[in-house]
Each structure stands twice: as structure tokens, then as C-alpha cells.
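Okay, here's what each chain looks like letter by letter:
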Amino acid sequence: MSTEPRTLAFREALREAMVEEMERDGSIFLMGEEVGHYNGAYKVSEGMLERFGERRVVDTPIAEAGFAGVGIGAAMVGLRPIIEFMTWNFSLVAYDQLVSNAAKLRYMSNGQFTLPIVFRGPGGAAHGVAAQHSQALESIYAHIPGLKVVVPATPADAKGLLKAAIRDDNPVLFMESELMYGMKGPVPEGEHVVPLGVADTKRPGRDVTIVTWGKMLHVSLAAAAQLAEEGIEAEVIDLRSIRPLDAEAVFASIRKTHRCVIVQEGWPFAGVAAEIAARIVEHVFDELDHPPVRVTSLDVPHPYAKNLEALVLPDAARVSATVREIVPHRGG
Amino acid sequence: MDAELLLHLYRQMVLIRRFEEAAAKAYTQGKIRGFLHLYIGQEAVAVGALSAAAQTDYVVATYREHAHYLARTGDTRGAMAELFGKATGCAGGRGGSMHFYSAADRFLGGWAIVGGHVPIAAGVAFASKYRGEPDVTLCFFGDGTANMGAFHEGLALASVWRLPVVFICENNQYAMGTPLYRTLTVEDVAVRARGYPMECAIVNGDDVLEMREATRQAVERARKGGVPFFLEAKTYRFRGHSMADPAKYRTKEEVQQWRNRDPIMLLGQRIEALGIATPERLKELDAEAVAEVQDAVAFADASPEPEPDSVMRHVYVD
């Protein structure tokens, strides 16, 4: 017997993951700005204070370096913190904690310490919040060995990946999106864990591979729908986690389609898309009928004005146009 | 006065000094690479403080942490082998001088970005409080840390959350080559902590017994009162900031002034005055320390390098 799966909003799926894990393991706690009494700046943690109390849902002052470091210290001696950044933009004032401390502790202590900690919050552009609040920072963090970087794109993956991140014994940076918090989708109840480092084919196709993650999955799926009307079948691969990276899933698709477009929110220079293009060239060059192509944000700080913001971000039209350039015209 | 205690403190301080001297020598021989920050002159701070803490209290320190590691663990061989970059080192040769660790001894590093470990220490104390455990965290740092943001955030969180951590500022008067009066608008770093607010004490860091007693009180306050405590120890490093620093920014007269209150000399004089040991006995203790350090150097010399195959290990939990 199969029942229709429940539908949850993205933020509810995240909350369910945290609540279920915190019910299971008393060493897990949530800490961040406005996570408790305010019920979350974006309501992800709504009701959690009431459920778990101030010991386990901890409001912080505005002090990202401070509470990121507190999380690392607590994890060093066996707790499993979930540290919420109100947005990933603010993680930059805690950058030293993430890069110099969290990423390096295990290695420089010769494996004497484990750091089971999740840093999570929304990243990337929202609507009209300008340059300092619109950064997609996964490329910067994925550069760092010792960190894992996860970017869910659907409510079901949000729950399953967050549960996996919380159970992981490494520092995991979990990047959500303000614009997706209200997005609804089916989410399995209870034990639903999506392993880190396993990509998911969100749409099968034979003509071109679109590799993407996070919010850009939905831009890519929209583009694929447009292209299908023109007879171009795009396969859309959602990486889900950037580090570890499921490069083999990308290669397998390219062996089928022989063409690849990588769609990334964020700057092109030394970005995740560039890394994927490099790996494709290194490993499956002979399979390619066209060089891999990137669609990224424009190489500028993010503008405020609506028309300029629209120009900067990849959209379905830009993705479709790029695909059309590299896929031979079919029929009619 | 507890004779055994005084002799124990003396042994530890002499061992640390001889260890650092041997490290300096090995550095000039090319056996130790990178940065090497010596603790010579400050021995009473680490030894006094750690003698007052329980062995189960956590220690979080900086890149000038050989002394704290030795005072906590007594692992002379593991420390020297780490400096030599050997597989038998206390961090398997991955950390070096600035990154000593011993999870078993609750020695949590070894952190080399100024101020970055202060919130971490607060986090360790947060965990103790979260679990209802009695352990206190001791966090060591220098006066140069007092202008870093992470320092202030760590103190602010420890204060607002009432975390059992003892912050120990080793005020050796210089942030690398810059004297404190040029970078800090107050004479005492403790003034900065008072505003959080936090209980503070300023002690003579060259007097091991004063250091020990002040730390004992601070640890007790943190353990029983569940509050942070800030201890400022006035001291001096006799050498430069690191081996690369000839310390030409200080006058000979100034250095001599501080050498006149050499913490080991002061303790030795006290031990002799109290009739606990003769000068000859103290010389024997010194010779024992030299022998222990020589053994550590021989051990480090003879130890294997880390396996090349291991280079990628411990980036992540397997």
C-alpha cells in the first residue's frame, strides 16, 4: 500500500530534521541569532525553544566569530552543535573560525579530535538585498579541505541531507536559501537520511547534461522544460553536496549526452563550476562533443536595482540559450 | 610551606627552560623548522597555573604552548619529537611547534591565530556546563590578543552565559615587537575584561606561588560559582617573539631588569632560604632536567618521519 507523501515547506523540512535529531540525541543543540525567542529570523526554528528549552535552543548576541568558536569548542569535547548563521553572508566574520580552526583541527591534531558540527543558514541572493547580503559562498568554502559543503534544493533533500549532516562527524556547512524556505514538496516522515556526496538526477535526458545545485536546480529545470518543447532533452543533475563531490554521477551522464552545461549562482572566477569543468576535461575529455560551458552569476558585486539584479543572476532563458548554442539543432 | 610542592614546581620550570634551550639549539641546527616561540622567562605562569588546576580541567593555549603542554602532560619526548616533525610527536608531526595536542590529557592545543582560540575555550566550558560537569577550562593567551575581536567575543559570551572558564593573560609586555603602551590605551589588560563584567585579578607572573594561588582561587570561583574569571599575569619573555626575532626593540637595561626577577631564580632562592634544598641539590635537579631533555632529543632524532602514505589521513573522519 502506498500513501501519498506529506507535503512540507522547505523550512518545515529543515525543522523536522533538527527536531527529530534532537529528540534522538541529547548532545545536539541549536545556537544562533534569534533562533529561540524570536522563533528564527526566517522561522526555520519556530517552536523549537518551546519544545527543547533554553539549554538546547540558544539565542546568541550578534557575535558570529564568538558563537562559531563556541560551537567548535563544544564539538571538540563531544557535543554536536548546530550553529545557525542568520545568513551565510555573516559567516564571513567567523571565517577564521571555520577555515583556521574547524577545517584544520582534526588534521593538525593527527586525528585526536573529531568535530561533529553543522553550520547552517540561507545563502545566495534573495530579492533586492544588495551586495553584502546576496553572496553565494559555497565556492569559497568548498575550496577548504576539512570542510563539507551541502546545498539542498528540495524539501525532501533538505530534511534528508540535514539529518545526514547532523550525524556526520565532520564540520558540515549547510547552505539553504531564503527564497526557497516557503517552497513546498513531498517529504518522507521519520527516518529519511540522504547521504552526503551522492548526486541526484532530477530530470533524465539524452542530449545535454545540466549540472547544478541549490536554487539553480529550479532555474535549470525550468530551462529543461522550455528546451523539451523544442525537442532538446536535458538531463538535470542536482549535486546536493559540493564537498564531497559526486563527480562520477556527472561523468556517467556525460558519457550519455556528450555535452555539459554547469549552472552556478555565484561568481565564475575559481568557482565550483570551474572545478567541475576542470574535472570533466581531466576525466571524460574524450566523451565530449563540445567543451563544458558555465552559466554563472556575472562577475560583479550584487546590485540592488531589480533590473540589474535580474541581469546578474542566471535565469532559465540564459540557461536555455546556452544549451541551444552547444546542442545541434533538431529537426523542424 | 610544602617542600615537595616547591621542588615539584622547580623541577617543572627548569625542565621547561632546558627544553626550550634545547629546542633553540636544534632550531639553529636545522632540526626544527618554521616558527619557534620560546617560553623562557615565563615559566612560572604555566607551571603555577596548571599546578592549581585539576588534571581533568581543560587547557586551551596558543602557539607559545610548549610549557603548558609539558606542565600538563610531562611528555617531553612527544613534545620534542613534534618539534622535529616526527611520527612519534604529540601531533604525529602534523602540527609542529604551534600545534601540540593531547586529547587524553585534555590538552586542547596549540592555536596559532591570535585570539581565535578564546571563543573555542568558551565553547569547551559551554560543553561542561551543558552536561553539568564540574570541569573548568583554562585559556592562555598573550597581551597582544587584547585587541582582537575574537578575544572580546569570547569574553562577552563567557560572561553572558556564565561559563566556567579562567582566562589567563600572559602579559609579557610585547605583542611581537610592539610594546604594549603603543597598542593598548590601558596599562592592565584586565581593565578590558572588567567591563563585561568579569572578576579579575592581576598577579606577579614571575612568582610561581602567587600564580598558583591566584589560579587556585580563580578555578574554584569558576567551578563553584559557574562564572568566568580573568587573570592577568605580568611577566616577560627573555628571548624574542620567535627564533627569527633578535628583539632589538628592547634595551639591555630593560631585559636585565626582568632577568633580575627570573622566576626560576626567585623560586630557587626561596627554596634555599626555607632550607628545603641546598644549592647543590638544585643543581642536581637541573642536571636531571638536562638529562631528560637530552633523552627527548635523542628520542626525537631516532624517531621515524611520518609515513608518506599518511599525508591525506585525518582531513576527515574516515
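In this report, the structure presented in the accompanying data block is examined. None of the values given here were measured: they were computed from a predicted structure.

1. Some details on the pairing of strand E2 (residues 28-32) of chain A
In the case of a regular strand, side chains alternate between the two sheet surfaces. All names here are of chain A. With 5 of 5 residues buried, E2 lies mostly within the body of the structure. Going residue by residue along E2, you find Ile-28, Leu-30 and Gly-32 tucked away on one face and Phe-29 and Met-31 tucked away on the opposite face as well. Here E2 runs beside strand E4 (residues 80-84); their pairing, made up of 5 bridges, is parallel. For Gly-32, the partnering residue across the bridge sits in E4 and is Glu-84. For E2 and strand E3 (residues 57-59), the ladder comprises 3 bridges, and the chain directions are parallel. When the bridges of E3 are listed, Met-31 appears paired with Val-58.

2. Re the nonpolar core
Soluble globular proteins: nonpolar side chains tend toward being buried together. Judged by nonpolar contacts, the single largest core of 197 residues is most densely connected at Val-124, Val-165, Val-166 and Leu-231 of chain B. Not counting residues within four places of it along the chain, the set of residues in contact with Leu-231 of chain B comprises Val-166, Phe-167, Ile-168, Cys-169, Ala-201, Val-203, Ala-214, Thr-215 and Ala-218 of chain B.

3. Structural notes on the environment of Ala-234 of chain A
Residues and elements named next belong to chain A. In this structure, Ala-234 sits in strand E11 (residues 234-238). In this structure the C-alpha to C-alpha distance between Ala-234 and Ser-134, which are 100 residues apart in sequence, comes to 29 Å. If near-sequence neighbours (up to four positions away) are discounted, Ala-234 is found in contact with Arg-203, Gly-205, Asp-207, Val-208, Ile-210, Ala-224, Leu-227 and Val-323.

4. Some points on the pairing of strand E7 (residues 172-176) of chain A
All names here are of chain A. Counting buried positions along E7 yields 5 of 5 residues, so the element is predominantly enclosed. Where strand E6 (residues 148-150) lies against E7, 3 bridges are found, and the strand directions are parallel. Each residue of the ladder has a partner; that of Val-149, found in E7, is Leu-173. With helix H7 (residues 155-167) bridging E6 and the parallel E7, this β-α-β connection has right-handed handedness.

5. Overview of the sheet that holds strand E10 (residues 208-212) of chain A
Strand pairing in a sheet takes place through backbone hydrogen bonds and is either antiparallel or parallel in direction. All names here are of chain A. Read from one edge of the open sheet, 5 strands run E9-E11-E10-E13-E14, paired in mixed fashion. Each end of this open sheet is capped by a strand with a single partner; those strands are strand E9 (200-203) and strand E14 (293-296). Taking the axes of each pair of neighbouring strands and ignoring which way they run, one obtains an average angle of 25° across the sheet. Of the pairings in the sheet, the one linking E10 to E11 comprises 5 bridges and is parallel in character. Directly across from Ile-210, in E11, lies its bridge partner Val-236. Contacting E9, E10, E11 and strand E13 (260-264), helix H8 (residues 216-229) crosses the sheet at an angle of about 170° to E11. Of the strands in this sheet, E10, E11, E13 and E14 are in contact with helix H12 (residues 316-326), which crosses E14 at around 170°.

6. Topic: the packing of helix H1 (residues 3-28) of chain B against helix H11 (residues 279-302) of chain B
For any two helices packed against each other, one specifies the crossing angle of their axes together with the interaxial distance. Residues and elements named next belong to chain B. Running from N to C, H1 and H11 point in directions that differ by 45°, and their axes come no closer than 9 Å. What the angle tells us is that H1 and H11 run oblique. Crossing of H1 over H11 shows right-handed handedness. Within the contact between the two elements, H1 uses Tyr-10, Arg-11, Val-14, Leu-15, Arg-18, Phe-19, Ala-22 and Ala-26 and H11 uses Leu-282, Leu-285, Asp-286, Ala-289, Val-290, Glu-292, Val-293 and Val-297. For the contact of H1 with H11, the per-class residue count stands at 12 nonpolar, no polar and 4 charged.

7. Observations regarding the sheet that holds strand E4 (residues 165-171) of chain B
All names here are of chain B. Strand order in this open sheet of 6 strands is E2-E1-E3-E4-E8-E7, and the pairing throughout is parallel. Each end of this open sheet is capped by a strand with a single partner; those strands are strand E2 (107-110) and strand E7 (199-204). The mean inter-strand angle of the sheet, taken between neighbouring strand axes irrespective of direction, is 15°. As judged from the 3 bridges shared by strand E1 (residues 58-61) and strand E3 (residues 137-142), these two strands associate in the parallel manner. The partner of Val-60 across the bridge, within E3, is Cys-139. Of the strands in this sheet, E1, E2, E3 and E4 are in contact with helix H5 (residues 117-130), which crosses E3 at around 175°.

8. Looking at the environment of Phe-141 of chain B
Residues and elements named next belong to chain B. Within the secondary structure, Phe-141 sits in strand E3. Spatially, the C-alpha atom of Phe-141 lies 8.2 Å from that of Val-118, the residues being 23 residues apart in sequence. Those residues in contact with Phe-141 that lie beyond four places of it in its chain are Thr-62, Val-118 and Cys-169.

9. Observations concerning the interface of chain B and chain A
Counting from both sides, the interface comprises 31 residues of chain B and, opposite them, 33 residues of chain A. Where the side of chain B that touches chain A is concerned, the elements lending two or more residues are H5 and helix H6 (149-160) of chain B.

10. Quick notes on unusual backbone geometry
The linkage connecting Arg-243 of chain A with the following residue, Pro-244 of chain A, adopts the cis geometry, with an omega of 0°. Along the chain, Pro-244 of chain A turns up in the loop between strand E12 (241-243) and helix H9 (247-257). A cis amide bond, omega 15°, links Gly-109 of chain B with the succeeding residue Gly-110 of chain B. You can see Gly-110 of chain B is positioned in strand E2. One non-glycine residue, Ala-270 of chain A, lies in the positive phi region at around 55°.

The rules behind the values
- Residues numbered from 1 in each chain as written.
- Chains lettered and ligands numbered in written order.
- Predicted model: local features only at pLDDT ≥ 70, side-chain atom pairs only at ≥ 80, totals over all residues.
- Buried ≥ 20, exposed ≤ 12 C-beta atoms within 10 Å, placed from the backbone.
- Helix = DSSP H or I, 4+ residues; strand = E, 2+ residues; numbered from the N terminus.
- Pairing = 2+ DSSP bridges.
- Core = buried A, V, L, I, M, F, W, Y, C linked by C-beta atoms within 7 Å.
- Contact = placed C-beta atoms within 7 Å.
- Right-handed = clockwise from strand over helix to strand, strands pointing away.
- Axes fitted to C-alpha atoms, helices over the stretch in contact; angles between N-to-C directions.
- Parallel < 35°, antiparallel > 145°, perpendicular 65-115°, else oblique.
- Left-handed = near helix turned anticlockwise from the far one by under 90°.
- Nonpolar A, V, L, I, M, F, W, Y, C, P; charged D, E, K, R; others polar.

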